[in-house]
Amino acid sequence: MAEHTTAGSSGASEPDTNSSPVGEDYPGRHREYEGRHRADPGSLSVWATAQSTGPVQRRGRYVPESVKHPARMLPAIAAHAIAVYTQPGDLVLDPMCGIGTTLVEAVHAGRDAFGIEYEPQWSNIADANIRHAHDQGASGRASVIRGDATRLMSLVPKALTGQVALVVTSPPYGPTVHGLVRPGEHGVVKYDDRYNDGEDKGNLAYRDLTGLADGFAEILGGCATLLRPGGAVVVTARPWRKRGELVDLPSAVIAAGLRAGLVPTERCVALLAAVRDGQLVARPSFFQLQQVRKARTSGVPMHLIAHEDVLIFTKTRTAEDGSGVVT
């Protein structure tokens, strides 16, 4: 599940950069596109990204405070996207970076990275995770910009236009499907289920689906400007149910990408279940189990979600060179 928490236009903080690669003097060491980082068309579209649990994937690789974020992307999802769509030395962006999972996996893989994060609580943890990665020998460089990713181009140095090889991100889901639990006096108590205690309603997580899609389209538009020719945008998303109705977030993401001038080129599956002896071993959250049990009790044949959709986009050429898709 994605960790990203960027907000809408209200209450945005001023950008605050923290070390290269994001700076006006950025040397731009990323190579021109050479057509070598695209996925093999014959490769599997199913990503086996939950062979170990999220806590096991993060243990020792991330600072303990990372668990407080209500929606953390599986490190293996970010790592797989980075391995498939980039080469060492490439530049990776996460415009809603949360605790910095994409950035950490990028620097461990020898890529440079930068992220945008709206809430200081999470950007501070992302900084700590980057420092921790460097202490462990990660060779890439990374930084976090504090600000509102719907105004992405006002936050990022113009020198980075056309420099990004890969964007890895996900829209936020809000408290409906996130959080941790512990036993309480009157049953199970839910906590760490909100991005900012619900106080700042400018956060995309607290918009309805239409508002979320509108804000996400703005973010993807900025990503398209920063993307280099042949670069890719990888977005993970999953549907959820609200009062029994399916909320089709993946379709909303595709529509947002099209509005941003991006072209959908692949649709993959990132497993949230392990593969054991040819069978899927589900790794559901408490809330997923609770929802499924309640639905089945009421006669609705609901099943556990065992994957996230992975939507891959490229961008179109400008009109001056004839339009079409950059490949």
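Small disclaimer: the values here were computed from a predicted structure and weren't measured.

Trainee: It is not clear to me how the overall build of the protein should be interpreted in this structure. Could you clarify?
Mentor: Counting its secondary structure elements, the protein contains 8 helices and 14 strands. Within the protein, the proportion of its 327 residues that are buried is 51%. Of the contacts made within the protein by residues no fewer than 6 positions apart, 77% connect residues no fewer than 24 positions apart. For the protein, the exposed area adds up to about 14200 Å²; of that, 52% sits on carbon and sulfur atoms.

Trainee: It is not clear to me how the pattern of salt bridges should be interpreted in this structure. Could you clarify?
Mentor: Working definition: two side chains of opposite charge can pair if their charged atoms are close together. According to the stated counting rule, one finds 7 salt bridges in the structure shown. With a closest N to O distance of 2.9 Å, R141 and D112 form a salt bridge. Within this pair, whereas R141 is found in the loop between α4 (120–135) and β4 (142–146), its partner D112 is found in strand β3 (residues 112–117), the two being separated by 29 residues in sequence. The exposure class of R141 is partly exposed, given its relative accessible area of 24%. Given the relative accessible area of 0%, D112 is considered buried.

Trainee: How should the confidence of the model for the protein be read in this particular structure?
Mentor: In regions of low pLDDT, the predicted coordinates are not meant to be interpreted in detail. A residue-level look at the protein finds 71% of positions with pLDDT of 70 or above and a mean pLDDT of 80. Predicted confidence for residues 1–18 stays below pLDDT 50, and this span has 100 contacts to residues more than four positions away or in other chains. Throughout residues 174–179 the model reports pLDDT below 50, and contacts reaching past four residues in sequence, or to other chains, amount to 25 contacts.

Trainee: It is not clear to me how the packing of helix α6 (residues 209–226) against helix α7 (residues 249–259) should be interpreted in this structure. Could you clarify?
Mentor: Each pair of packed helices can be described by the angle between their axes along with the distance between the axes. It is at 8 Å that the axes of α6 and α7 come closest, and there the two elements cross at 40 degrees. Judged by the angle between their axes, α6 and α7 are oblique. Once α6 is placed against α7, the crossing between them reads as right-handed. For the pair formed by α6 and α7, the contact residues are L209, L212, A213, D214, F216, A217 and L220 on the first element and L249, A252, V253, A256, G257 and R259 on the second. Among the residues making up the contact of α6 with α7, the classes are represented as 10 nonpolar, 1 polar and 2 charged.

Trainee: Is there a simple way to explain the sheet that holds β3 in this structure?
Mentor: The pairing of strands in a sheet happens through backbone hydrogen bonds and is either parallel or antiparallel. With respect to topology, 8 strands assemble into an open sheet ordered β1-β11-β14-β8-β5-β2-β3-β4, the strand pairing being mixed. Two strands in the sheet have a free side with no partner beyond their single neighbour: β1 (46–47) and β4. Here 2 bridges tie β1 to strand β11 (residues 262–271), and the two strands are oriented parallel to one another. Bridging across to β11, W47 finds its partner in A270.

Trainee: Would you mind showing me how to read the environment of A106 here?
Mentor: Looking at the element boundaries, A106 is found in helix α3 (residues 101–108). Distance from A106 to A79, taken between C-alpha atoms, is 7.1 Å for residues 27 residues apart in sequence.

Trainee: Help me understand the side chain of S123, please; the structure alone is not making it clear to me.
Mentor: Tracing the sequence through the fold places S123 in helix α4. Once residues lying within four places of it in the same chain are set aside, the contact partners of S123 are G98, E117, V144 and R146.

Trainee: How do you make sense of the nonpolar core when you look at a structure like this?
Mentor: Generally speaking, soluble globular proteins have nonpolar side chains that are buried together. Ranked by internal contacts, the top residues of the largest apolar core, which has 36 residues, are F114 and V156. Those elements that place two or more of their residues in this core are β2 (91–94), β3, α5 (152–155), β5 (164–169), α6, β8 (227–237), α7 and β14 (307–315). At 9 residues, α6 tops the list of elements feeding residues into this core. Apart from the residues within four sequence positions on either side, V156 is in contact with F114, I116, I145 and L226. Membership of the second largest hydrophobic core comes to 32 residues, among which are A78, I82, V144 and C268.

Rules of the game
Residues numbered from 1 in each chain as written. Predicted model: local features only at pLDDT ≥ 70, side-chain atom pairs only at ≥ 80, totals over all residues. Heavy atoms only, no water. Helix = DSSP H or I, 4+ residues; strand = E, 2+ residues; numbered from the N terminus. Buried < 20%, exposed > 50% of the residue type's maximum accessible area, 1.4 Å probe, protein only. Contact = heavy atoms within 4.5 Å. Areas by Shrake-Rupley, 256 points an atom, 1.4 Å probe, with all protein chains shown as cover. Salt bridge = Lys/Arg side-chain N within 4 Å of Asp/Glu carboxyl O. pLDDT = per-residue confidence, 0-100. Axes fitted to C-alpha atoms, helices over the stretch in contact; angles between N-to-C directions. Parallel < 35°, antiparallel > 145°, perpendicular 65-115°, else oblique. Left-handed = near helix turned anticlockwise from the far one by under 90°. Nonpolar A, V, L, I, M, F, W, Y, C, P; charged D, E, K, R; others polar. Pairing = 2+ DSSP bridges. Core = buried A, V, L, I, M, F, W, Y, C linked by side-chain atoms within 4.5 Å.

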